[in-house]
Amino acid sequence: QVRLVESGGGLVQPGGSLRLSCAASGSISTIGAMGWYRQAPGKERELVAVITMGIGSTTTYADSVKARFTISIDNAKNTLNLQMNSLKPEDTAVYYCNARIVRTFVNAWGQGTQVTVSS
């Protein structure tokens with residue numbers, strides 16, 4: 001089993017930066033990919049960024065966050081990070097950490113962390 005705990009959310013002004021972290025515990029070796037999703041009020045949950053595990057890992061970003069967000073993994077700390085720069089009001093949402101379990105379509109989810117971008 002995999003447990004995920006997000007942190008780092010908060011209030012920031014437009015143009016500001018924020019770093020989200022997701023601490024993973026449990027059966028870490030069963031994780032094939034991890035990602036960040038977000039859900040704004042009244043909208044469906046959407047993919048923000050995803051990264052595959054391993055030396056030859058790949059990253060994928062939603063068009064709306066390309067060049068502004070960076071997803072990475074700190075293997076020593078078993079932590080997934082999302083560096084968010086040049087934040088916009090439309091980035092406001094609850095951000096969720098996700099882990100895909102190898103050989104299955106099973107996903108582990110964190111509880112979410114609120115990000116609010118406002119003047």
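See above for the structure.
These notes cover the structure that comes with them. (Residues numbered from 1 in each chain as written. Predicted model: local features only at pLDDT ≥ 70, side-chain atom pairs only at ≥ 80, totals over all residues. Heavy atoms only, no water.)

## Regarding the pattern of salt bridges
Proximity of charged atoms lets side chains of opposite charge pair with each other.
Here comes step 1: What the rule picks out here adds up to four salt bridges.
Here comes step 2: Of the charged contacts, one joins Lys 66 and Asp 63 as a salt bridge, the two residues approaching to 3.2 Å between their closest N and O atoms.
Here comes step 3: For the salt bridge of Asp 91 with Arg 68, the shortest nitrogen-to-oxygen distance reads 2.8 Å. Highlighted residues: Asp 91 in the loop between strand E8 (79–84) and strand E9 (93–101) and Arg 68 in the loop between strand E6 (59–61) and strand E7 (69–74), separated in sequence by 23 residues. Taken as a pair, Asp 91 and Arg 68 share a single burial class, namely buried. (Salt bridge = Lys/Arg side-chain N within 4 Å of Asp/Glu carboxyl O. Helix = DSSP H or I, 4+ residues; strand = E, 2+ residues; numbered from the N terminus. Buried < 20%, exposed > 50% of the residue type's maximum accessible area, 1.4 Å probe, protein only.)

## A word on the pairing of strand E11 (residues 113–117)
Here comes step 1: With burial as the criterion, only one face of E11 is covered, namely that bearing Thr 113, Val 115 and Val 117; the residues Gln 114 and Thr 116 on the opposite face remain uncovered.
Here comes step 2: Note that strand E2 (residues 10–12) and E11 share three bridges and pair parallel. Among the inter-strand pairings, Gly 10 is bridged to a residue of E11, identified as Val 115.
Here comes step 3: Across three bridges, the pairing between E9 and E11 is antiparallel. (Pairing = 2+ DSSP bridges.)

## Regarding the state of the cysteines
Here comes step 1: Under the criterion given, the structure shown has one disulfide.
Here comes step 2: Disulfide partner of Cys 22: Cys 97, at an S-S distance of 2.0 Å. In this structure, the disulfide formed by Cys 22 and Cys 97 twists by about -80° around the S-S bond and is classed as left-handed. Remark: Cys 97 occurs in strand E9 and Cys 22 occurs in strand E3 (residues 18–26); sequence separation between them is 75 residues.
Here comes step 3: Looking at Cys 22, the relative accessible area reads 0%, which means it is buried. (Disulfide = S-S within 2.5 Å.)

## Describing the packing of aromatic side chains
Here comes step 1: One pass over the structure, following the stated rule, counts one aromatic pair.
Here comes step 2: Both rings, one in Tyr 37 and one in Trp 109, keep their centres 5.1 Å apart while their planes meet at 65°; by these two values the pair is edge-to-face. Within this pair, whereas Tyr 37 is found in strand E4 (residues 31–39), its partner Trp 109 is found in strand E10 (residues 107–109), the two being separated by 72 residues in sequence.
Here comes step 3: Between the NZ or CZ atom of Arg 45 and the centre of the ring of Tyr 96, over which it lies, the distance is 3.8 Å. (Phe/Tyr/Trp six-rings, centres within 6.5 Å; stacked < 30°, edge-to-face > 60°. Lys NZ or Arg CZ within 6 Å of the ring centre and 35° of its normal.)

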